[in-house]
Amino acid sequence: MKRTIVFYILTAVVAIITFGSSAGMAQEKGKIVHDAEYYILYAQNGQKWDVEDRELDAKLAELRAKHGRPPNLIHIMWDDTAYGDVGIPAIQKVRGLETPHLNTMAEEGILFTHMYTEVGCTPSRAASATGRLAVRSGMYNIGMLREMHGMRGEEVTIAEVLSQAGYATAFHGKWHLGDIEESYPHNQGFDEAFFTGYNQILSLWTSLGEGANATIGLMEGMLPPDPYKLDDTFVTKGWVLAAEGKKGEKARQWGDNTHDTYVKMDPEAQRRTLEFIERNAKAGKPFYIANWPNLASFLPNPKKCSQARSLLQDGLQCNIDPFMGKLMAKLKELGIAENTLVIAMADNGPMAHNPPPGLGMAETIFRGGKGDFLEGGVRVPAQAWWPGVIEPGQVVGDIIHETDIFTTFARLAGATQYIPTDRIVDGIDQTALLLKGDTKGRRDYVFIYAGPMLGATVKGNYKRHWISPDPTGELSGIGAGFFFLLADPREKSPMLVNLIHLKSPFNRMKLRHELWKREYPDAKEVHGIPWTGIENASPEVRALAKPPLDLEKLPFDPLEYIKHLDQLTFDPNMDPGLGR
């Protein structure tokens, strides 16, 4: 047996390093190309997993025969919430909020303790949608106002995969994957979409935000004229707050760019989600929905509803949680709860750095927050609910990554043949974890990126920081960048001597990861003129493609810079000590 395992490991390593032959083999056989580390795990566990998969296939076939169709799939993902702020009542007591519906969902299903995400909203959403680390699709930048970039049309989303398997697909809420036309969700596989291209700062990019000095200088029409102003192109003048569209059709702006429109978005997204569920349930068609709420406005509401009186807690208790109650009630009312998997989670950790006033986000168990590769930035509350299929009352310790949702949904839908095989897919099929429970996961590692740079690697309970405040030690090969997470969940006490035996194992992981990327290089960001393809575009939005300049007086194309936005580099001297 030992000889067999050693043989499989050596075979996997040879295949990984022999780039062309291995990649060609994967494509020739039509198999998903995973990250290098997966093959190391499969070489040791593959025989057991193959047996398990046959059992799972039989179980899924039984469920499909019972319900007459594959399961419905729902992914709810909100913003910036620390581990424990949802699903753990004791922590909620300390933090001043209650989420009874979400907590019931966790009690009736699985509460994950090791759900990992990317460090920020745009990369996290790209990873969830494509099953790929955001660095692979060039979506590691968090998009802001008139970012002029977005997800490439060549990316394959879970909506595209499931559409090919006969699913109805819908996106409702905060897309945040770009403001260029090819990135709109109804151009990325969704049958229908109601979305915003940006984030919650939209609530401040309003006359109300300008009046409160929450945004300074954006709404120039509200301000005294600046007698020294020479450049009328510097401040943004046109954008789209919310849009809607259907597959194959142009988008339409929904509402205007006011705070009133912003606060109506989540209720409208929730209404559309419940209507979409009912419509497709009655039609007997399997469906996939991504409802990613805005959660809250960054302008504090005078009306408070949680004990914490803060934006996060009020958003969770009085927006997300009531919606989850309505969602579960609707599934039960329609008689489809036992054929519907719901996964609810945060997209990354709390905005612990430079938050707006009254936000209420804070570190809990883990140190760090949004933007950090520390556990507090990427380890989030998450749960899964599937009555009659998922055994209730589970607290699962297996590592799972948000990219796994992509591959797992495809497996459950019988759609894995539609996953592309010409690129790395980081998502691992975690069907066994959902159906068989704790210890049945198929991942024990995570690569965590800070922008385009590898920030840290997790392997089981051990973590290695690759970006370190100890550059001298790192350069000499004895940097204290190793952590034992069970004893040090806040990553405050880096070890050297105690864990130096892990230096070579972590180095091998990193090398395999980077060598495999040579065969499957990361894509570059794609850029373009923002908000084209809007059927009812305002004059300000249409003007984005026509700078108010006398072009004959310029020695260059004023829009040429869009092609070179990817040349704006990240600071290589990032400090993981943020959030201490």
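## What about the packing of helix H3 (residues 36-67) against helix H16 (residues 503-519)?
Stage number 1. With their axes 8 Å apart at the nearest point, H3 and H16 run at an angle of 120° to one another. Overall, the two elements H3 and H16 adopt an arrangement that is oblique. The residues of H16 that touch H3, namely those facing Ala 36, Glu 37, Tyr 39 and Ile 40, are Met 509, Arg 512, His 513 and Trp 516.
Stage number 2. Among the residues making up the contact of H3 with H16, the classes are represented as five nonpolar, one polar and two charged.

## A short note on helix H10 (residues 259-283)
Stage number 1. Counted at 1.5 Å a residue, the expected span for H10 with its 25 residues is 36 Å, and the 37 Å between its end C-alpha atoms agrees.
Stage number 2. A bend of about 35° at Met 265 is the largest found in H10, and the proline Pro 267 appears one to four places after it.
Stage number 3. Count one or two residues on from H10 and you reach Gly 284, which has phi positive near 70°.

## What about the sheet that holds strand E16 (residues 482-484)?
Stage number 1. What the four strands build is an open sheet, ordered E13-E14-E15-E16; its pairing is antiparallel. Two strands bound the open sheet, and with one partner strand each, they are strand E13 (445-450) and E16. Ignoring which end each strand starts from, the neighbouring axes of this sheet average 20° apart.
Stage number 2. When strand E15 (residues 462-465) meets E16, the two strands line up antiparallel, connected through three bridges. Residue pairing in the sheet places Lys 463 in a bridge with Phe 483 of E16.
Stage number 3. Strands in contact with H3 are E13 and strand E14 (453-459); relative to E13, the strand with the most contacts, it is inclined by about 175°.
Stage number 4. Across the sheet, H16 lies against E13, E14, E15 and E16, angled at about 125° from E14, the strand it touches most.

## Some words on the environment of Gly 211
Stage number 1. Examined against the element boundaries, Gly 211 turns out to sit in helix H9 (residues 207-211).
Stage number 2. With 11 residues separating them along the chain, Gly 211 and Met 222 place their C-alpha atoms 8.1 Å apart.

## Section: the state of the cysteines
Stage number 1. Going through the model one piece at a time under the given rule, you end up with one disulfide.
Stage number 2. The partner cysteine of Cys 305 in its disulfide is Cys 318, sulfur to sulfur 1.9 Å. As the torsion about the S-S bond is roughly 125°, the Cys 305-Cys 318 disulfide counts as right-handed. With Cys 305 in the loop between strand E8 (287-292) and helix H11 (311-333) and Cys 318 in helix H11, the pair connects residues that are 13 residues apart, well separated along the chain.
Stage number 3. Residue Cys 305 is classed as partly exposed on the basis of its relative accessible area, which comes to 33%.

Rules of the game
Residues numbered from 1 in each chain as written. Predicted model: local features only at pLDDT ≥ 70, side-chain atom pairs only at ≥ 80, totals over all residues. Heavy atoms only, no water. Axes fitted to C-alpha atoms, helices over the stretch in contact; angles between N-to-C directions. Helix = DSSP H or I, 4+ residues; strand = E, 2+ residues; numbered from the N terminus. Parallel < 35°, antiparallel > 145°, perpendicular 65-115°, else oblique. Contact = heavy atoms within 4.5 Å. Nonpolar A, V, L, I, M, F, W, Y, C, P; charged D, E, K, R; others polar. Expected span 1.5 Å × (residues − 1). Bend = angle between axes of the 7 residues up to and from the residue. Pairing = 2+ DSSP bridges. Disulfide = S-S within 2.5 Å. Buried < 20%, exposed > 50% of the residue type's maximum accessible area, 1.4 Å probe, protein only.

Distances and angles like these do not, on their own, reveal function.
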